[in-house]
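Listed here are the chains, written in short residue letters.
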Amino acid sequence: MIIRRLQWAGAQIEAKNVRILIDPIYNSYNKEFFGKPLQKFSSLEDILYPDAVLITHLHSDHFDPDYIIQSFGLETRLFVPKGTEEEIMIKYGFKNVKGFLVDESFIIGDLTITASYSVDGLGDEQVSWIINDKEKTIIHCGDTLWHGYWWGISKKYGPFEAALLPINGAIVCDSDMINSYQPICLTPEQAIAAARLLESKLLIPIHYGSFHNPPIYNETEDIKSRLLLTAEQEKVAIKLLNHWEAIEL
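Residues numbered from 1 in each chain as written. Predicted model: local features only at pLDDT ≥ 70, side-chain atom pairs only at ≥ 80, totals over all residues. Heavy atoms only, no water.

Thoughts on the sheet that holds strand S9 (residues 127–132)
Step number 1: What the six strands build is an open sheet, ordered S7-S8-S9-S10-S11-S13; its pairing is mixed. Only two strands of the sheet have a single partner each, and these edge strands are strand S7 (105–108) and strand S13 (203–206). Taking the axes of each pair of neighbouring strands and ignoring which way they run, one obtains an average angle of 20° across the sheet.
Step number 2: Inspection of the sheet shows strand S11 (residues 162–166) paired to S13 by four bridges, in the parallel sense. Residue Ala163 lies in a different strand from S13, and its bridge partner there is Leu203.
Step number 3: Packed onto the sheet, helix H4 (residues 150–157) meets strand S8 (111–117), S9, strand S10 (137–140) and S11 and runs at close to 160° relative to S8. (Pairing = 2+ DSSP bridges. Helix = DSSP H or I, 4+ residues; strand = E, 2+ residues; numbered from the N terminus. Axes fitted to C-alpha atoms, helices over the stretch in contact; angles between N-to-C directions. Contact = heavy atoms within 4.5 Å.)

This is the structure:
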């Protein structure tokens with residue numbers, strides 16, 4: 001199995017002659033909210049046509065419908081959280097969209113893909129995606145915050161070869177909402193704890209470094225140093241991948 005980190009939270013998974021994209025984005029994110037990317041974003045034009053695109057949730061930094069259509073067309077097979085598929089088809093014109101509830105699975109080639117728990121910081125529908133190639137199992141958790149499902153996920157689907165987890169602990173301060181001043185996704189320390197509870201051999205950090213737009217979107221400080229220190233203390237293996245860098249499991 002080959003995992004290639006795309007920009008922000010995106011990933012490309014290749015295994016058993018199947019190619020899957022998770023949360024690929026390029027340029028349709030909410031620029032007023034997230035600001036200008038601090039890291040260069042590249043197009044998907046060099047990526048071969050995927051067998052499926054998995055979306056964890058519909059926030060603009062995880063779902064880029066315009067670019068998916070531009071790159072792969074309206075017939076792209078999209079797999080999304082249950083309850084969001086009608087909006088995607090009506091609003092954007094996609095023809096092949098299927099929604100899944102937690103613990104529902106589907107098969108593409110030799111891969112079994114399962115929707116699992118993921119808790120969105122703003123209360124929107126979100127899932128994590130578990131991918132099993134009959135030899136190894138990985139999980140991609142979108143931009144989840146801390147929750148109490150880790151133990152159940154691990155017991156039912158683990159141990160994992162790799163866990164792709166957000167680490168930027170973002171705090172959102174928006175004039176249109178009562179602000180909590182609490183992280184809406186995992187902090188570096190929480191990501192380490194989650195990887196340990198998932199019994200993952202490897203933590204691959206995602207969802208960090210690209211966006212910091214005070215006072216609206218505020219990435220937590222000292223991400224990498226905190227991550228590495230906590231990983232050493234908790235004996236969790238980490239692989240930091242740059243955008244478009246790959247690792248074979």
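Don't stop here, the text continues.
Re the environment of Pro37
Step number 1: Take Pro37: it is sitting in the loop between helix H1 (31–34) and strand S4 (52–54).
Step number 2: Along the chain, Pro37 and Ile90 lie 53 residues apart, while their C-alpha atoms are 29 Å from each other.
Step number 3: Discounting residues that sit within four places of it in the chain, Pro37 has contacts with Tyr29, Ser210 and Phe211.

Description of the pattern of salt bridges
Step number 1: Scanning the entire structure with this criterion turns up eight salt bridges.
Step number 2: Of the charged contacts in the structure, one is a salt bridge between Glu135 and Lys16, with a shortest N-O distance of 3.2 Å. With a gap of 119 residues between them, Glu135 in the loop between S9 and S10 and Lys16 in the loop between strand S2 (11–15) and strand S3 (18–22) connect regions that are remote in the sequence.
Step number 3: Here Asp103 ties to Lys156 by a salt bridge, and the two come within 3.5 Å at their closest N and O atoms. With Asp103 in the loop between strand S6 (96–100) and S7 and Lys156 in helix H4, this pair connects stretches of sequence that are 53 residues apart. (Salt bridge = Lys/Arg side-chain N within 4 Å of Asp/Glu carboxyl O.)

Describing unusual backbone geometry
Step number 1: Residues Gly158 and Pro159 are joined by a peptide bond in cis, for which omega reads -5°.
Step number 2: Mapping Pro159 onto the fold places it in the loop between H4 and S11.
Step number 3: Here Pro214 and Pro215 are connected by a cis peptide whose omega angle stands at 0°.
Step number 4: With respect to the helices and strands, the residue Pro215 is situated in the loop between S13 and strand S14 (217–218).
Step number 5: A positive phi angle, close to 65°, is found at Asn17, a residue other than glycine.
Step number 6: With respect to the secondary-structure elements, Asn17 resides in the loop between S2 and S3.
Step number 7: On the basis of relative accessible area, Asn17 is assigned to the exposed category, the value being 83%.
Step number 8: Even without a glycine there, the phi angle at Asp222 is positive, about 50°.
Step number 9: On the secondary structure map, Asp222 appears in the loop between S14 and helix H6 (223–234). (Buried < 20%, exposed > 50% of the residue type's maximum accessible area, 1.4 Å probe, protein only.)

Let's talk about the nonpolar core
Looking at soluble globular proteins, one finds that nonpolar side chains tend to be buried together.
Step number 1: With 41 residues, the main nonpolar core has Leu54 and Trp129 as its most contacted residues.
Step number 2: Grouped together as the second largest cluster of nonpolar side chains are 23 residues, Leu186, Ala191, Ala194 and Val236 included. (Core = buried A, V, L, I, M, F, W, Y, C linked by side-chain atoms within 4.5 Å.)

Some words on the side chain of His207
Step number 1: Positionally, His207 belongs in the loop between S13 and S14.
Step number 2: There is a polar contact of 3.4 Å between the side chain of His207 and the side chain of His62.
Step number 3: When sequence neighbours within four positions are dropped, the list of residues in contact with His207 reads Arg5, Trp8, Ala9, Asp61, His62, Asp143, Pro166, Ile167, Asn168, Cys185 and Tyr217. (Polar contact = N/O pair within 3.5 Å; in protein donor to acceptor, adjacent residues only side chain to side chain.)

Quick notes on the packing of aromatic side chains
Step number 1: Per the stated rule, a full pass over the model turns up 18 aromatic pairs.
Step number 2: The interplanar angle of 85° and the centroid separation of 5.7 Å between the aromatic rings of Phe63 and Tyr92 together place this pair among those described as edge-to-face. Separated by 29 residues along the polypeptide, Phe63 in the loop between S4 and helix H2 (65–72) and Tyr92 in helix H3 (residues 85–92) bring together distant segments of the chain.
Step number 3: Centre to centre, the rings of Trp146 and Trp150 are 5.7 Å apart; their planes meet at 45°, and the pair counts as tilted.
Step number 4: With a relative accessible area of 32%, Trp146 lands in the partly exposed category.
Step number 5: Through pairs of rings, three or more aromatic residues link up here, namely Trp8, Tyr29, Phe33, Phe34, Phe41, Phe211 and Tyr217.
Step number 6: The positively charged end of Lys31 is found above the aromatic ring belonging to Tyr29, 4.5 Å away from the centroid. (Phe/Tyr/Trp six-rings, centres within 6.5 Å; stacked < 30°, edge-to-face > 60°. Lys NZ or Arg CZ within 6 Å of the ring centre and 35° of its normal.)

Thoughts on H4
Step number 1: Among the residues of H4, Trp150, Ile153, Ser154 and Tyr157 are the ones counted as buried. Down the axis of H4, the buried set is contained in an arc of 100°. They therefore lie on one face. Projecting away from the buried face of H4 at angles above 90 degrees are the exposed residues Trp151, Lys155 and Lys156.
Step number 2: Here the buried face of H4 lies against S8, S9, S10, S11 and helix H5 (188–197). (Arc of directions from axis to C-beta.)

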